[in-house]
Amino acid sequence: MRTQLPTAQVSAGHIPADLYRQLPDGTDARQVVIVQQAPRSYTGPVVMVLVSTLGSAFVIYLLMLLVQTTADAADDLAKVASAVGGVGVGGVTLKFARGK
């Protein structure tokens, strides 16, 4: 006779002896239904961690790109202003003092 694990017995529709002994007296074992909890799936939490990590990295990358672009534009504006002696925008002229 082959020994089965309790989970295999329950899956096959049999009541293991330890559960059978826990049934109240006078209970018809043919009408007993054993409900098992489904095995836990880790797919959802793992995908959530990966998506949030990649999303955070992408946001940081975009912020770094924005800072770099702003710095380059400010540097270009400073070069133009120093070459021309001032920057005119819409009738307003900014004059920068030349270094002594």
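This is a predicted model, so every value here is computed, not measured. (Residues numbered from 1 in each chain as written. Predicted model: local features only at pLDDT ≥ 70, side-chain atom pairs only at ≥ 80, totals over all residues. Heavy atoms only, no water.)

1. Some remarks on a nonpolar patch on the surface
Here is step 1 of the chain: Residues F58, Y61, L62 and L65 make up a contiguous nonpolar surface patch of roughly 410 Å² in combined accessible area.
Here is step 2 of the chain: Inspection of the secondary structure puts Y61 in helix α3 (residues 43-84). (Patch = residues over 30% accessible without salt bridge, like charges linked within 9 Å, V, L, I, M, F, W, Y side chains within 5 Å. Areas by Shrake-Rupley, 256 points an atom, 1.4 Å probe, with all protein chains shown as cover. Salt bridge = Lys/Arg side-chain N within 4 Å of Asp/Glu carboxyl O. Helix = DSSP H or I, 4+ residues; strand = E, 2+ residues; numbered from the N terminus.)

2. Quick look at the confidence of the model for the protein
Here is step 1 of the chain: With 78% of its residues at a pLDDT of 70 or more, the protein has an overall mean of 79.
Here is step 2 of the chain: Across the protein, α3 holds the top mean pLDDT of 91, while strand β1 (residues 86-89) sits lowest at 55. (pLDDT = per-residue confidence, 0-100.)

3. Some words on the pattern of salt bridges
Between side chains of opposite charge, a pair can form as their charged atoms come close.
Here is step 1 of the chain: Counted under the stated rule, the structure contains two salt bridges.
Here is step 2 of the chain: Between R30 and D28 there is a salt bridge whose closest N-O contact spans 3.2 Å.
Here is step 3 of the chain: For the salt bridge of K79 with D75, the shortest nitrogen-to-oxygen distance reads 3.4 Å. Here the residue K79 and the residue D75 both occupy positions in helix α3, the gap between them amounting to four residues, near one helical turn.
Here is step 4 of the chain: A residue is classified by how much of its surface remains accessible, and D75, at 38% relative accessible area, is partly exposed. (Buried < 20%, exposed > 50% of the residue type's maximum accessible area, 1.4 Å probe, protein only.)

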